[in-house]
Amino acid sequence: MRRDDVLSAVLCLAVGLVLLAAGSYVDHGIPVQWFAGPLLLACLGVAVRRARPLLALGLGVVAFTADLAMGPSLGTVLIVTDNLYAAVRYGPRPLGRWMLGITSVIAVVGGAAAGFIARDLALFAIALVQAGLVGVTPVITALVIRQHEDQAASERIRAEQVARLAELDRKTAVQAERTRMARELHDMIANHFSAIAIQSTAVLSRRDLDPAVVRQVLESVRENSVQGMAEMRSMIGLLRQEGEEAEAVRLRVAEADRLAERAREAGLDVRLRVDGEARELPAAVDLAGYRIVQESLTNALKHGGRTAEAVIGYRPEEVVLTVDNPVDGTGPGLPGAGAGLIGMRERAALVGGRLDAGPHGGGWRVRAVLPTLAAPPGTAVPPSVDATASPSRKENP
């Protein structure tokens, strides 16, 4: 039993005794002390109303029946209404529907019986209203409150589910951003570090180089190092900025000649050709195209021969990027992380384009078609040739 329920039962008992002392009962010649028995049973039901709601209902029914046979008394009748309310509010859920039907039938039958016995229609109406107030009203009140509580609980559960979904969305967004950052850092650094590694390996493996050649190679190594650090600082600066300007540094397809020049300095003979009239491209397409050309030249430097041909074709509604290089086994064959082709395909798909990579004419071709008009992002077009289909080419980084 809860302490507040016990205190409520004591208070009800005191009020009921006061009402009995004031004569609030129907006197049929029965001593007033006898009315204290049903009153005490009803108050015991109040004491166990939450801990044992069915017991409270049973005590209330017994108390009401005994009190009705003797009088009835006002105090007991009022307390029995709380027993009915507690049984529906805290008891089994189906009990409420049963109690509503039972009390409604009792109210109608009781009112009809009283009117039939007294042959008075007004008495029938009065008895019906009183029975409804005593039996039906507490049950309906308990049902309404319980329904509101159930709705509140459902809303709390729904709010918790929404919060969990929001947390999952946040984690997904964080993971996607981390993947984007990893792809961006890979594309920025791999080109420079691959050139540094190849040139350093060449210097270490040749002992017949004159100082002028060594100096030229070291200058190229230094330039690639400085350029890589500059791009790294630019990326870190963007990540520290607030807002949604994630691509504030514009890397353009039109600047592919810089990539070709750096590849030449690293020892790759790059022939760059532009078909069509160069024009301004959307920022996302510019960045994706630049990174695709950069990654393609890096892979040619690491896994291909000594030459590569890059073609940038401007068409009315798209730009086509093609990089061809031979696969003759003369390349240094540096190890890769397996993310190069995946990153290029993701970049192409994010702007609604497609990328094909695979063997072509005794060599290796990377061809990307990027739409320059507004296209729904994430329209991925599966590549026609899988990179793993070529046994003569290592997996791209």
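In this text the structure is predicted, and so the values were computed from the model without any measurement.

Rules used throughout
Residues numbered from 1 in each chain as written. Predicted model: local features only at pLDDT ≥ 70, side-chain atom pairs only at ≥ 80, totals over all residues. Heavy atoms only, no water. Helix = DSSP H or I, 4+ residues; strand = E, 2+ residues; numbered from the N terminus. Expected span 1.5 Å × (residues − 1). Buried < 20%, exposed > 50% of the residue type's maximum accessible area, 1.4 Å probe, protein only. Phe/Tyr/Trp six-rings, centres within 6.5 Å; stacked < 30°, edge-to-face > 60°. Pairing = 2+ DSSP bridges. Axes fitted to C-alpha atoms, helices over the stretch in contact; angles between N-to-C directions. Core = buried A, V, L, I, M, F, W, Y, C linked by side-chain atoms within 4.5 Å. Contact = heavy atoms within 4.5 Å. Salt bridge = Lys/Arg side-chain N within 4 Å of Asp/Glu carboxyl O.

Draft legend 1. Quick peek at helix α4 (residues 74-90). End to end, α4 covers 25 Å across 17 residues, agreeing with the expected 24 Å (1.5 Å per residue, within 8%). Burial analysis of α4 places 13 of its 17 residues in the buried class, which makes it a mostly covered element.

Draft legend 2. The arrangement of the packing of aromatic side chains in detail. Following the criterion strictly, the structure yields one aromatic pair and no others. A centroid spacing of 4.9 Å and a plane angle of 45° characterise the contact between Tyr25 and Phe35, whose relative ring orientation is tilted. You can see Tyr25 sitting in the loop between α1 (3-21) and α2 (36-47) and its partner Phe35 sitting in the loop between α1 and α2, a full 10 residues away along the chain.

Draft legend 3. Looking closely at the sheet that holds strand β3 (residues 318-326). Here five strands make up an open sheet; going across it, the order is β1-β2-β3-β5-β4 and the pairing mixed. In this open sheet, the two edge strands, each paired with only one partner strand, are β1 (269-275) and β4 (354-360). Ignoring which end each strand starts from, the neighbouring axes of this sheet average 10° apart. Direction of pairing for strand β2 (residues 307-314) relative to β3: antiparallel, over a ladder of six bridges. The partner of Val311 across the bridge, within β3, is Thr322.

Draft legend 4. Structural context of the nonpolar core. Grouped together as the largest cluster of nonpolar side chains are 38 residues, with contacts concentrated most on Val319, Leu321, Leu355 and Leu370. Listing elements by their share of this core, those giving two or more residues are α8 (256-265), α9 (283-303), β2, β3, α10 (340-350), β4 and β5 (363-371). It is α9 that contributes the most residues to this core, nine residues altogether. With sequence-adjacent residues up to four places away left out, Val319 is seen in contact with Leu281, Val285, Ile312, Gly313, Tyr314, Ala368, Val369, Leu370 and Thr372. Counting residues in each nonpolar core, the second largest holds 12 residues, with Ala42, Ala47, Ala63 and Ile79 among its members.

Draft legend 5. Quick peek at the pattern of salt bridges. Overall, the coordinates contain 17 salt bridges when judged by the stated rule. A salt bridge links Arg264 to Glu261, with the shortest nitrogen-to-oxygen separation between them at 3.3 Å. With Arg264 and Glu261 both in helix α8, this residue pair falls three residues apart, about one helical turn. One network of salt bridges, with partners in common, ties together Arg2, Asp4, Asp5, Arg49, Arg50 and Asp82.

Draft legend 6. Region of the structure containing the pairing of β4. Sheet topology places β4 next to β5; seven bridges connect them, and they run antiparallel. Looking across to β5, one finds that Ala357 is bridged to Val366. Once β4 ends, the chain turns through two residues before running back antiparallel as β5, passing Gly361 with a positive phi of about 60°.

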